[in-house]
Amino acid sequence: PDDWVYASLLLISLAVGPVFARGHLRSALPFLPASAAVQLVSAFGFLLCAAVCSSFMWHSVLVALVSASICSFGPRNRVHALCAAWCFGYLAFFRTCHLLGFTKPSPHSNAVQLLMTLRMVGVAFEIVDTRRLERRLRDSTDDGERRSLELQLRYTGVSPKFWQIMLYAYAYPGVLTGPYYRFSIYRDLVDRLQAPGAPPPPAVGAALWKRLAYAPLYGVAYLILSQWYFIDYARTDDLLVDSSWAYRIYFMFAMFTTFRCRMYFAWVVSECVCMPVGLGGYPAASEPRCGEGPTRLEVLEEQRQQRQSRPAIDGAGDLNKSDDISYESVHNIDEAGCEFAPTVQAGMKAWNRSVQHWLAAFVYRRVPGRALRLPVTMAVSAYWHGVHGGYFLSFLTIPLARYAEDALDRLLRRARLNQSVAYLARWFFKMRVFDYTCMGFLLLGAGDTLRFWAAIGFCLHAASCLLIAADWAAARLAGSGRPA
């Protein structure tokens with residue numbers, strides 16, 4: 001039932017986009033101010049959260065109110081640290097509040113809380129980065145550098161007020177399942193919605209239907225598979241004791257397939273929710289990136305100047321053709337990369353891309369010392385996902401699998417196998433890594449995860465160690481001049 005409610009809310013969100021984006025509200029209710037569409041976008045998001053969270057709604061409201069206060073009234077150069085401490089500290093309370101007599105929050109309210117954390121911490125970092133750009137611009141005497149800084153400030157700089165942060169917190173695109181997007185991307189949506197005459201959003205056309213085409217397939221596949229494979233069965237003696245080892249391996253594969261279909265459906269529809277309202281649509285030439293927005297800001301500046309010089313053309317004329325618009329800013333899941341990339345690293349980069357952007361932009365690149373960056377980022381990611389033993393066991397397995405994957409690659413190159421055979425070997429190992437670690441994310445508890453892994457003989461750990469040992473032995477044989 002929960003999945004049906006969630007899917008229904010996503011589809012309703014998809015349907016209301018054109019109402020906000022194309023000026024229907026202002027046409028039907030001309031007395032509404034220009035900002036009405038912006039406020040209603042957030043009001044609708046608030047109602048979605050209330051429908052999902054019910055009595056647990058106060059958690060996200062409290063986090064948003066305090067975060068907006070910190071960003072608006074806190075120390076100018078410390079709001080990012082204070083906001084991060086508040087949001088991540090509150091996550092600890094949120095997950096343990098039932099020990100203090102509060103009702104334990106529902107899983108769906110946990111998803112809303114996680115996304116609220118990303119938005120509030122992200123906007124705080126954006127504010128501090130903007131202030132640093134302003135200082136650099138004041139101190140710069142180089143004309144080229146000043147032009148670059150002015151472009152960055154114009155298109156990525158943000159200085160939101162308290163109420164603007166609150167509106168961003170509950171803007172309905174992405175509020176339930178992502179994707180995460182920066183405040184600067186939301187600001188571009190606000191500017192368009194408030195423009196005179198409410199021009200239509202960047203052309204969606206075939207892009208929306210092309211992206212949405214596979215969603216029914218993912219949804220139907222999930223509904224079928226979930227009737228046969230469910231995670232509670234992985235805790236029973238019927239599977240762990242009475243079934244064969246081969247069937248347990250197959251069950252692990254089936255559970256990850258079911259999980260992928262569920263997430264593919266949710267994330268693809270969530271991306272499509274952003275498109276009709278115009279969120280994240282930028283000229284393809286500006287090379288937008290997921291979660292970040294345009295990276296070639298000079299393209300945006302050139303098109304802005306063209307629009308100013310040709311005001312008679314509606315919107316941007318031929319600049320608004322669907323072929324010229326990219327929604328990469330909200331492209332959260334690359335299914336082809338997840339399914340067919342030959343390595344663990346490439347597969348992970350294709351999964352939940354907006355969260356990976358957040359981790360890279362606001363954690364990885366901010367950690368002093370290259371040696372600390374990866375472990376700190378992985379620790380923050382594990383903590384953000386949830387304080388469950390299964391999460392940490394899965395995250396700790398990934399580095400071992402990465403070492404084994406490198407060892408496998410070297411062994412394949414020494415064997416001089418056909419490229420297609422080598423690709424299949426690497427791909428097979430990558431998919432089994434994801435099957436194996438997915439069980440930790442689904443079982444949650446460390447005890448349940450270890451019991452299941454023990455029932456299949458800790459096969460991934462064993463295979464990884466064997467690959468690393470074989471690579472070491474092959475290297476020693478090659479170094480001694482004997483055939484490896």
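Residues numbered from 1 in each chain as written. Predicted model: local features only at pLDDT ≥ 70, side-chain atom pairs only at ≥ 80, totals over all residues. Heavy atoms only, no water.

## So, the overall build of the chain
Across its full length, the chain carries 22 helices and 2 strands. For 484 residues, the compact-globule estimate of 2.2 N^0.38 gives 23 Å, and the C-alpha radius of gyration of the chain, at 24 Å, lies within 12% of that figure. Counting over 484 residues, the chain shows a buried share of 49%. Restricting the contact set of the chain to residue pairs at least 6 apart, pairs at least 24 apart contribute 75%. For the chain, the accessible surface area stands at approximately 23,000 Å², while carbon and sulfur atoms represent 63% of it. (Helix = DSSP H or I, 4+ residues; strand = E, 2+ residues; numbered from the N terminus. Rg over C-alpha atoms; globule rule 2.2 N^0.38 Å. Buried < 20%, exposed > 50% of the residue type's maximum accessible area, 1.4 Å probe, protein only. Contact = heavy atoms within 4.5 Å. Areas by Shrake-Rupley, 256 points an atom, 1.4 Å probe, with all protein chains shown as cover.)

## What to know about a nonpolar patch on the surface
On the surface, a cluster of nonpolar side chains totalling about 510 Å² of accessible area is made up of W58, L62, L99, L100 and F102. Checked against the element boundaries, F102 lands in the loop between α5 (79-96) and α6 (107-139). Judged by its relative accessible area of 39%, F102 falls in the partly exposed class. (Patch = residues over 30% accessible without salt bridge, like charges linked within 9 Å, V, L, I, M, F, W, Y side chains within 5 Å. Salt bridge = Lys/Arg side-chain N within 4 Å of Asp/Glu carboxyl O.)

## Describing the pattern of salt bridges
Enumeration according to the criterion identifies 21 salt bridges in this entry. When the shortest N-O distance is used, the salt bridge between R132 and D129 registers 3.8 Å. Pair noted here: R132 and D129 are both in helix α6, with a separation of 3 residues, about one helical turn. By relative accessible area, which is 36% here, R132 ends up partly exposed. For R260, the salt bridge is made with E339, and the minimal N-O distance between the two is 2.7 Å. In this pair, R260 is assigned in helix α13 (residues 245-277) and E339 in helix α15 (residues 335-340), connecting sequence segments 79 residues apart. It is possible to trace a salt-bridge network through shared partners that takes in D129, R132 and R366.

## Some words on unusual backbone geometry
A cis geometry characterises the amide bond from G178 onward to P179, with omega recorded as 5°. Counting through the fold element by element, P179 comes out in the loop between α8 (162-169) and α9 (183-193). The backbone of S54 shows a phi angle near 55°, a positive value even though the residue is not glycine. Here S54 is to be found in the loop between α3 (36-53) and α4 (57-73). Backbone geometry at R416 places phi at a positive 50°, although glycine is not the residue there.

## Quick word on α6
A rise of 1.5 Å per residue sets the reference length of α6, with its 33 residues, at 48 Å; its end C-alpha atoms lie 49 Å apart and thus fit the reference within 8%. Judged by how many residues are buried, α6 sits mostly within the fold: 24 of 33 residues are covered. (Expected span 1.5 Å × (residues − 1).)

## Here we look at the UniProt feature "transmembrane region" (unreviewed entry) in the chain
Mapped onto the present numbering, the UniProt feature "transmembrane region" (unreviewed entry) falls at residues 37-67, 79-102, 212-230, 245-265, 423-446 and 452-474. Split by type, residues 245-265 is 100% helix and 0% strand. Its first and last C-alpha atoms lie 31 Å apart. For residues 452-474, helix accounts for 87% and strand for 0%, while the C-alpha atoms at its two ends are 33 Å apart. (UniProt positions renumbered as here; feature names shortened; annotations may be inferred.)

## Notes on α5
Between its terminal C-alpha atoms α5 stretches 26 Å, which fits the 26 Å expected from 18 residues at 1.5 Å a residue. Looking at the packing, one finds that the buried side of α5 touches α4, α6, α17 (353-362) and α18 (370-385).

## Here's the deal with the packing of helix α7 (residues 143-156) against helix α14 (residues 297-309)
Direction vectors running N to C along α7 and α14 enclose 75°, while the axes themselves pass 10 Å from each other. One finds that α7 runs roughly perpendicular with respect to α14. Of the residues in α14, those in contact with L151, Q152, R154, Y155 and T156 of α7 are L297, E298, L300, E301 and R304. Per-class residue counts for the contact of α7 with α14 are 4 nonpolar, 2 polar and 4 charged. (Axes fitted to C-alpha atoms, helices over the stretch in contact; angles between N-to-C directions. Parallel < 35°, antiparallel > 145°, perpendicular 65-115°, else oblique. Nonpolar A, V, L, I, M, F, W, Y, C, P; charged D, E, K, R; others polar.)

## Overview of the nonpolar core
Note that soluble globular proteins tend to have their nonpolar side chains buried in a common cluster. Core analysis: the biggest nonpolar cluster contains 99 residues, and M120, Y168, Y172, L176, Y186, L279 and W358 have the highest contact counts within it. Here this core gathers at least three residues from each of two domains, domain 1 (1-200) and domain 2 (338-478). In contact with M120, not counting residues within four places along its chain, are V63, A64, S67, C83, C87, I165, Y168 and A169. Core analysis: the second largest hydrophobic core is formed by 32 residues, A234, L239, L412 and L467 among them. (Core = buried A, V, L, I, M, F, W, Y, C linked by side-chain atoms within 4.5 Å. Domains from an automatic or database assignment.)

## Brief notes about the packing of aromatic side chains
Each aromatic ring pair is summarised here by two numbers: the centre-to-centre distance and the angle between the ring planes. A full pass over the atoms with the stated rule returns 29 aromatic pairs. Ring centres 6.2 Å apart and planes at 45° place the aromatic pair F88 and W358 in the tilted group. Taken together, the residues F88 in helix α5 and W358 in helix α17 connect sequence positions 270 residues apart. Both residues of the pair, F88 and W358, belong to the buried class. For the pair Y436 and W453, a centre-to-centre distance of 4.5 Å together with 10° between the ring planes defines the contact as stacked. A residue pair is termed long-range when its members are at least 10 positions apart, and Y436 in helix α20 (residues 419-443) and W453 in helix α21 (residues 446-455) qualify at 17 residues. For the pair Y436 and W453, one class covers both residues: buried. Of the aromatic side chains, those joined through ring pairs into one cluster are Y214, Y218, F259, Y264, W267 and W351. (Phe/Tyr/Trp six-rings, centres within 6.5 Å; stacked < 30°, edge-to-face > 60°.)

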